[in-house]
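# Coordinates in review
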Amino acid sequence: PTPDFPITPPSGPGQTWTSETARPFSNANALKKASFENGRSLFHAIGCAACHRFGGLGGDIGPDLTSIRTKFTNDYVLESLIDPGKVISDQYGSFTVTRKDGSHQTGLVVEKDDTVDIYPAVNSAAPITVKRSEIASIAQSPVSPMPPGLINSLNGEELRDLLAYLMSGGDKNDKIYGE
C-alpha cells in the first residue's frame, strides 16, 4: 500500500549525528513536543520505508518496525539510526555471494535446492537467482544493508519527530506525545 498522506522532504539543515549531539532531541521531554505527522512523513521521505514496514506501509527487506517500542529503548533505536552497522540481526544481515567468475552480489540470501536467490537492499529490485554450480562462496557481510547517514539530512526537531514516531508504534495518540 502507498501512503495516503503528504510526504515532504526534510527542511534541515542536517548534520552528521552522533549519540552526544542527538541525545538532547531524544529524551522524554523533547519527544513530548514531537509532531506525529512530520515523523510519519520523514519515515517515508528519507527512505526508511524503502526497506522497513511500519504501521502496514513500507518495504519488507528489513524488519517491521511497528513494535520496536516494546523491545527497545529510545537510546537503542537512536544508536541504531546513527550507526546501523553496530548490531546486525542474523535475520536481516546481508551475505555476499561470489561466483566462480569473480563477480559478486550482496543482499539477503534465500537458499534453495539448486539455486540461491539474492535480494538486493533495494525494495524495487527483483531477486537475482544464481545456480549453486556457479557459486564459489557465500559469506556474511560485515556491513549493514541499512546505509549509514540516512538521518544526516534531518535537523534536531526532525530527528525528534522521527524517533517519536518510531517509538509511538504508529499511534498518534500514544503517550509519547505531550498532552
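Residues numbered from 1 in each chain as written. Predicted model: local features only at pLDDT ≥ 70, side-chain atom pairs only at ≥ 80, totals over all residues. Heavy atoms only, no water.

### Here's the deal with the layout of surface pockets
In this structure, the largest pocket occupies an estimated 750 Å³ of space. Along the wall of the largest pocket there are 30 residues; nearest its centre are H52, P63, L65, S80 and M146. The dominant element in the lining of the largest pocket, judged by the number of residues it contributes, is helix α5 (residues 74–82), at four residues. Taken together, the residues of the lining of the largest pocket break down into 21 nonpolar, seven polar and two charged. Empty space within the second largest pocket amounts to approximately 150 Å³. Lining the second largest pocket, in full, are A28, L31, K32, R69, N74, M167, D174, K175 and I176. Each residue belonging to the lining of the second largest pocket can be placed in one class, and the counts come to four nonpolar, one polar and four charged. (1 Å grid on protein atoms, 1.4 Å probe; cavity = no way out; pocket = protein on both sides within 12 Å on 5 of 7 lines; lining within 4 Å. Points joined across faces, edges and corners; volume = space filled by probe spheres on them. Helix = DSSP H or I, 4+ residues; strand = E, 2+ residues; numbered from the N terminus. Nonpolar A, V, L, I, M, F, W, Y, C, P; charged D, E, K, R; others polar.)

### Some words on the confidence of the model for the chain
Of the residues in the chain, 98% reach a pLDDT of 70 or more, and the chain-wide mean stands at 90. Within the chain, no element has a lower average pLDDT than strand β4 (residues 104–111), which sits at 87, and none a higher one than helix α6 (residues 156–168), at 97. (pLDDT = per-residue confidence, 0-100.)

### A short note on the side chain of S144
Summarising the element assignment, S144 is placed in the loop between β7 (135–140) and α6. At 3.5 Å, the side chain of S144 and the backbone oxygen of P84 are in polar contact. For S144, the side chain forms a polar contact with the main-chain nitrogen of M146, separated by 3.0 Å. The residues contacting S144, other than those within four sequence positions of it, are P84, G85 and I88. (Polar contact = N/O pair within 3.5 Å; in protein donor to acceptor, adjacent residues only side chain to side chain. Contact = heavy atoms within 4.5 Å.)

### Quick look at the pairing of β4
Taken residue by residue, a regular strand's side chains alternate between the two faces of the sheet. Across four bridges, strand β3 (residues 95–99) lies against β4 in antiparallel orientation. Looking across to β4, one finds that T98 is bridged to H104. In the sheet, β4 pairs with strand β5 (residues 115–119) via four bridges, with the strands oriented antiparallel. The residue of β5 that forms the bridge with V110 is D117. Between β4 and β5, which pair antiparallel and follow one another directly, the connecting turn spans three residues. (Pairing = 2+ DSSP bridges.)

### Brief notes about unusual backbone geometry
Residue P13 follows G12 across a cis peptide bond; omega there is 0°. Relative to the elements of secondary structure, P13 occurs in the segment before α1 (19–22).

### Some words on the packing of α5 against α6
Two numbers describe how α5 lies on α6: the axes approach to 11 Å, and their chain directions differ by 120°. When the interaxial angle is binned, α5 and α6 end up oblique. Relative to α6, the crossing made by α5 is right-handed. Residue-level inspection shows N74, V77, L78 and L81 of α5 in contact with α6, the latter providing L159, L163, L166 and M167. For the contact of α5 with α6, a count of residues per class yields seven nonpolar, one polar and no charged. (Axes fitted to C-alpha atoms, helices over the stretch in contact; angles between N-to-C directions. Parallel < 35°, antiparallel > 145°, perpendicular 65-115°, else oblique. Left-handed = near helix turned anticlockwise from the far one by under 90°.)

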